[in-house]
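Examination of the molecular architecture
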Amino acid sequence: MKHRRPALAALAAALVLTGCSGSGTGSPEKGLDDPAKKDIAMRLVSSAENSTLDWKAQYGYIEDIGDGRGYTAGIIGFCSGTGDMLKVVERYTADRQGNALEDFLPALRAVNGSDSHEGLGDAFTAAWAKAAADPAFRSAQDSERDGSYFAPAVRRAEADGLSALGQFIYYDAYVMHGQADTEGTVGFRTIRAQAVAEARPPSEGGDEEAYLNAFLDARVAAIREEPSHSDTSRVETAQRVFVREGKLQLETPLVWKVYGESFRIDGS
């Protein structure tokens, strides 16, 4: 057998260490804990949640989109009916006592689990939008996003041996479905269990793209079970496209469609 020259052997070793899904620059793979990758993930989520890539302009967003969750607001769509909007206001109040949203805490606790606006209404939505100018309120949203959605999704994805793309796919599922099943919805935990039943994750020796497709199949099924979220383009013309293109590190450019709108992220 012919021996490889030392330079070629070193190159091969470097490829093993850095992986083959990168952009060809030889740089090591990065997960969503990398600020640039996290920003891409936030822009991808914002394209679906707010029809824009400018996620940092969404702290003051609030409306009832008619999905049975009451008001939807902020950078990832915190809802008055699911409890995470309440947590944002509680975080904000802990840091900024006497803020304009504090008076609405009793009403937020009362409407949790429903689509009711009782005790909220225009006064609440105006106060939410105005609070977006306060860095403490923006920090409260960031903290709730990271603590309840981003961090647990990334931890689970890392444990499953997933790349930046897989970490984003988990994160977006957390944002849209929550961790656990609720009445009329299928949560992340069930979606993942269904995927693992069909394909092994990389941590168990499985092929990442095959596993991600199994996860997306399970997610599409979950979306179709929920009438308010029956449009599956968030998966089929966005995340599935990235998997098919092999962009496991979320390499730019990224080009996708969601809910009929086209988006693109170019490199820096």
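Everything here concerns the structure above.
Residues numbered from 1 in each chain as written. Predicted model: local features only at pLDDT ≥ 70, side-chain atom pairs only at ≥ 80, totals over all residues. Heavy atoms only, no water.

Helix and strand counts for the protein stand at ten helices and five strands. In the protein, which comprises 268 residues, the proportion classed as buried is 49%. The long-range fraction of contacts in the protein, counting pairs at least 24 apart against all pairs at least 6 apart in sequence, stands at 56%. A total accessible area of about 12800 Å² is found for the protein, and carbon and sulfur atoms account for 50% of it. (Helix = DSSP H or I, 4+ residues; strand = E, 2+ residues; numbered from the N terminus. Buried < 20%, exposed > 50% of the residue type's maximum accessible area, 1.4 Å probe, protein only. Contact = heavy atoms within 4.5 Å. Areas by Shrake-Rupley, 256 points an atom, 1.4 Å probe, with all protein chains shown as cover.)

Turning our attention to the packing of helix α6 (residues 135–159) against helix α7 (residues 164–177). Helix packing geometry: the angle between the two helix axes and the distance between the axes. At a closest axis distance of 8 Å, the pairing of α6 and α7 adopts a crossing angle of 140 degrees. Classed by the angle they form, the pair α6 and α7 counts as oblique. Where α6 crosses over α7, the handedness of that crossing is right-handed. Between α6, through R145, S148, Y149, F150, P152, A153, V154, R156, A157 and E158, and α7, the contact on the second element is made entirely by G166, Q167, Y170, Y171, Y174 and V175. Grouping the constituent residues of the contact of α6 with α7 by class yields ten nonpolar, three polar and three charged. (Axes fitted to C-alpha atoms, helices over the stretch in contact; angles between N-to-C directions. Parallel < 35°, antiparallel > 145°, perpendicular 65-115°, else oblique. Left-handed = near helix turned anticlockwise from the far one by under 90°. Nonpolar A, V, L, I, M, F, W, Y, C, P; charged D, E, K, R; others polar.)

What follows covers the environment of G74. Within the element layout of this structure, G74 appears in the loop between β2 (71–73) and β3 (78–79). Spatially, the C-alpha atoms of G74 and D142 are 9.7 Å apart, while their sequence positions differ by 68 residues. Leaving out residues up to four positions away in the same chain, G74 has contacts with N50, Q58, Y59, Y61, W128 and Q141.

What follows deals with the nonpolar core. Counting 76 residues, the largest nonpolar core has L101, F124, W128, F168, Y171 and F215 as its most contacted members. With ten residues, the top contributor of residues to this core is α7. Apart from residues no more than four positions distant in its own chain, W128 is found in contact with Y59, G60, Y61, I62, A73, G74, M85, V88, V89, L101, F137 and Q141. (Core = buried A, V, L, I, M, F, W, Y, C linked by side-chain atoms within 4.5 Å.)

Running from amino to carboxyl end, helix α8 (residues 188–198) crosses helix α9 (residues 208–224) at an angle of 135 degrees, the nearest separation of the two axes being 8 Å. On the basis of their axis angle, the class for α8 and α9 is oblique. As for how α8 packs across α9, the hand of that crossing is right-handed. The segment α8 lies against α9, with F188, I191, R192, Q194, A195, V196 and E198 engaging Y211, A214, F215, A218, R219 and A222. Within the contact of α8 with α9, the residues separate by chemical class into nine nonpolar, one polar and three charged.

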